[in-house]
Amino acid sequence: MLVLKNATVVEFQPASIQSGVDIVIDGSKIAAVGVGAAANYQADRVLDMQGKLVMPGIVCSHNHFYSGLARGITANIAPSPDFVSVLRNLWWRLDLAIDEEILYYSGMVCSLEAIRCGTTAVIDHHASPAFLKGSLKTLKKAFEETGLRGITCYETTDRNDGLKEVEAGVQENVDFAKLCESDKQATGGNHLVEAMIGGHAPVTMPDSALKLMADAVRETGRGVHVHVAEDRYDVSHSHHMYGKDVIVRLNDAGLINDKALLVHGVYLSDADIEIINAKDAFLAHNARSNMNNNVGYSSKLPMYKNLVLGTDGMGSDMWEEMKFAFFKHKDAAGPMWPDSYLRFLFNGNEILKRYFAADFGRVAPGCKADLTVLDYQAPTPLVPGNIGGHIAFGMDSRDVTTVIINGKVVLENRQFAFDVSPIYANARKAAQRLWDNMDKLPR
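Criteria and cut-off values
- Residues numbered from 1 in each chain as written.
- Predicted model: local features only at pLDDT ≥ 70, side-chain atom pairs only at ≥ 80, totals over all residues.
- Heavy atoms only, no water.
- Salt bridge = Lys/Arg side-chain N within 4 Å of Asp/Glu carboxyl O.
- Helix = DSSP H or I, 4+ residues; strand = E, 2+ residues; numbered from the N terminus.
- Buried < 20%, exposed > 50% of the residue type's maximum accessible area, 1.4 Å probe, protein only.
- Core = buried A, V, L, I, M, F, W, Y, C linked by side-chain atoms within 4.5 Å.
- Pairing = 2+ DSSP bridges.
- Axes fitted to C-alpha atoms, helices over the stretch in contact; angles between N-to-C directions.
- Expected span 1.5 Å × (residues − 1).
- Arc of directions from axis to C-beta.
- Contact = heavy atoms within 4.5 Å.

Draft legend 1. Spatial organisation of the pattern of salt bridges. Tallied over the full model, the rule gives 26 salt bridges. Among the salt bridges present, the one from Arg149 reaches Asp370, with a minimum N-O distance of 2.7 Å. With Arg149 in strand 8 (residues 149-152) and Asp370 in the loop between helix 11 (338-356) and strand 15 (371-374), this residue pair connects regions lying 221 residues apart in the sequence. Of the two residues, Arg149 and Asp370, both sit in the buried class. Of the charged contacts, one joins Arg249 and Asp207 as a salt bridge, the two residues approaching to 3.1 Å between their closest N and O atoms.

Take a look at the structure:
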């Protein structure tokens, strides 16, 4: 049993702050919270928080761990004046150059950096066409070895090998979902990694892919994780080839439900958004990636019922992501304020709840003990009504000191329990090999 003494508990939804609190953790869940709550328990370990902020774990609701070794890339990338050419010249060459070792180290460094930034769960979206079968197990290994909670999937696509590639992608998703279900049964729900049914984007998912994915959703009980309308081309392609809006097409195939995670949605129509809301699905907003790829900005964010925040491979620092998302919104003359973005940050916990069948997102008895601890010296009063403002204008990942996931301390006083330097050294070698592999691919 683990006890956190003298904590300042910060809740996101509904917003609240309470000082001098004990948090009792029994196994993977919180057993008790309150002033003097630890008096009734025999602790195996006690950590004195010394008034530090303890808040629900932070969720990155869309990421690409396969891109973790792309930072500072020196491979020969052809000029890419538009989004489709960025995909063809960079990302679709990079994912073709990934092998098992490269993916493992990419997953490891991404997991470590997520934890270091106070991110306790990452929802990942994967692609490695040359190492497809078993790729999700490799990512699972990285999540579990570092202690990071995660959900991952393989992006079904026909862009390299047509229907054969589609079938292999769907099968990888189904096999992995079955593995996660087995883990869930074996651990009594204390497993760290879950599965989605992945798809790249409607532009590379023919109707045959949608049918197989819908079959997989029904078979596994999981939902889809798909890019939609990131660029105008996805919308025009859907209209030209299928005569439908993007979400209408996916919904007609039976893919939009309360476990569906749609990503970007920069150019979705009002009718698309109505379907997403009616089905209680999620839309992941990725402000920094959208800016980096110059795909535009959606003024319709306030229309979504379930909006979450992700990075789309731009690291896992969700403090930074929230700031960019808020400031970009204000730059576009948007009406929302930091409290709205605090809610979007919180909403990732609802996805975890639906996949892990457990309570997340609160520092309360019965909830999973996924917690982020910050040593943040507030220069102004920190009260329930301005938590979002303190994050937008103050708190950042440098304030993170300790991270607890599934009841285990995975980062303490900014240190991991094991030496991470060999992992980073091997990652640098794997990155160079990845870049070399890219240059060897035919053009």
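Draft legend 2. Layout of the nonpolar core. Phe12, Ile247, Leu250, Leu262 and Leu268 are the most contacted members of the largest nonpolar core, which totals 107 residues. Looking at this core, the element that brings in the most residues is helix 2 (residues 100-116), giving 10 residues. One finds Ala121, Leu261, Val308 and Tyr355 within the second-largest nonpolar core, a separate group that totals 17 residues.

Draft legend 3. Local environment of the pairing of strand 6 (residues 58-63). Counting buried positions along strand 6 gives 6 out of 6 residues, so the element sits mostly inside the fold. With 4 bridges joining them, strand 6 and strand 7 (residues 119-124) adopt parallel strand pairing. By the bridge assignment for strand 7, Cys60 is matched with Val122.

Draft legend 4. How the structure looks around the sheet that holds strand 9 (residues 193-195). With respect to topology, 4 strands assemble into an open sheet ordered 6-7-8-9, the strand pairing being parallel. Each edge of the sheet is formed by a strand with only one pairing partner; in this case those strands are strand 6 and strand 9. The average undirected angle you get between the axes of adjacent strands in this sheet is 15 degrees.

Draft legend 5. Expanded view of helix 13 (residues 421-440). Spanning 20 residues, helix 13 covers 29 Å between terminal C-alpha atoms, matching the ideal 28 Å at 1.5 Å per step. Turning to helix 13, its buried residues are Ile423, Tyr424, Ala427, Ala430, Ala431, Leu434, Trp435 and Met438. Down the axis of helix 13, the sector holding all buried residues measures 145 degrees, keeping them to one side. Exposed positions of helix 13 whose direction lies more than 90 degrees from the buried face are Arg428, Lys429 and Lys440. As for helix 13, its buried residues are in contact with helix 1 (83-96) and helix 2.

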